[in-house]
Amino acid sequence: MAGKIAKRTPEQKKSDKEKEKKYVLLSVKRLLENNMLENLDHLLALYPASIVAKDINIGYNTMKDRLENPAGFDGEEIRLWAQIIGTDYQKLQDFINKEADVRNTSKYPSK
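Computed from a predicted model, the values in this text were never measured in an experiment.

Peer 1: Requested: an account of the overall build of the protein chain, with residues and values cited.
Peer 2: The secondary structure content of the protein chain amounts to six helices and zero strands. Element order for the protein chain, N to C, with α for helix and β for strand: α-α-α-α-α-α. Taken against the 2.2 N^0.38 rule, which gives 13 Å for 111 residues, the C-alpha radius of gyration of the protein chain at 17 Å runs more than 25% over that of a compact globule. Principal-axis analysis of the C-alpha atoms places the extent of the protein chain at approximately 75 × 30 × 25 Å. Put simply, 51% of the contacts in the protein chain that link residues at least 6 apart link residues at least 24 apart. Carbon and sulfur atoms make up 51% of the accessible area of the protein chain, which totals about 7,900 Å². Averaging the positions of the 20 positive and the 17 negative side-chain charges in the protein chain gives two centres separated by 8 Å.

What follows is the structure, encoded as structure tokens:
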């Protein structure tokens, strides 16, 4: 039966998703460590907020609140997120702090 494509099993589909996530996390790690992520939106284009929320054990609405005000991320959330990405806690903390400063400044521009 030439031309027939074998169906992927649920295990194969799960394995493929895990591989894809592994590559996404590796990309995020490299971009973060090389200071190539412009902002949280850039990060979330690669690693969606819904998945981050699930990975760091917070609800999606809580994640949306954290993205509105990145200073709201607590140390444990950042530690877990850094561990999942495979990067240094301080590197992610600095990135989030920078984003919090930018978002805070844009809401309340100086005169």
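Back to the text.
Peer 1: Tell me about the environment of Tyr89, residues and numbers included.
Peer 2: If you trace the backbone, Tyr89 turns up in helix 6 (residues 89–107). Classification of Tyr89 as partly exposed rests on a relative accessible area of 31%.

Peer 1: If you had to explain the packing of aromatic side chains to someone new, which residues and values would you point to?
Peer 2: The full count for this structure, using the stated rule, is one aromatic pair. With a centroid separation of 5.5 Å and an interplanar angle of 40°, the aromatic rings of Phe73 and Trp81 are classed as tilted. Owing to a relative accessible area of 7%, Phe73 belongs among the buried residues under this scheme. Relative accessible area serves as the criterion here: at 0%, Trp81 is assigned to the buried category.

Peer 1: If you had to explain the confidence of the model for the protein chain to someone new, which residues and values would you point to?
Peer 2: The share of residues in the protein chain with pLDDT of 70 or more is 92%, and the mean pLDDT across the chain is 90. Taken element by element, the protein chain is modelled with least confidence in helix 6, mean pLDDT 87, and with most confidence in helix 5 (residues 75–85), mean pLDDT 96.

Peer 1: Run through the nonpolar core, naming residues and quoting values.
Peer 2: Grouped burial of nonpolar side chains is what soluble globular proteins tend to show. Counting 24 residues, the largest nonpolar core has Leu43, Tyr47, Met63, Phe73, Trp81, Leu92 and Phe95 as its most contacted members. Those elements that provide at least two residues to this core are helix 1 (10–33), helix 2 (40–46), helix 3 (49–55), helix 4 (60–68), helix 5 and helix 6. Looking at this core, the element that brings in the most residues is helix 5, giving five residues. If near-sequence neighbours (up to four positions away) are discounted, Leu43 is found in contact with Val28, Leu37, Trp81 and Phe95.

Peer 1: Go over helix 1, please, and point to the residues and values.
Peer 2: The terminal C-alpha atoms of helix 1, which comprises 24 residues, lie 34 Å apart, in line with the 34 Å expected from a rise of 1.5 Å per residue. Inspection of helix 1 places Leu25, Val28 and Leu32 among the buried residues, and these make up the whole buried set. Following helix 1 by one or two positions, Asn35 adopts a phi angle in the positive range, close to 55°.

Scoring rules and cut-offs
- Residues numbered from 1 in each chain as written.
- Predicted model: local features only at pLDDT ≥ 70, side-chain atom pairs only at ≥ 80, totals over all residues.
- Heavy atoms only, no water.
- Helix = DSSP H or I, 4+ residues; strand = E, 2+ residues; numbered from the N terminus.
- Rg over C-alpha atoms; globule rule 2.2 N^0.38 Å.
- Contact = heavy atoms within 4.5 Å.
- Areas by Shrake-Rupley, 256 points an atom, 1.4 Å probe, with all protein chains shown as cover.
- Lys, Arg positive; Asp, Glu negative; His and termini not counted.
- Charge placed at Lys NZ, Arg CZ, Asp CG, Glu CD.
- Buried < 20%, exposed > 50% of the residue type's maximum accessible area, 1.4 Å probe, protein only.
- Phe/Tyr/Trp six-rings, centres within 6.5 Å; stacked < 30°, edge-to-face > 60°.
- pLDDT = per-residue confidence, 0-100.
- Core = buried A, V, L, I, M, F, W, Y, C linked by side-chain atoms within 4.5 Å.
- Expected span 1.5 Å × (residues − 1).

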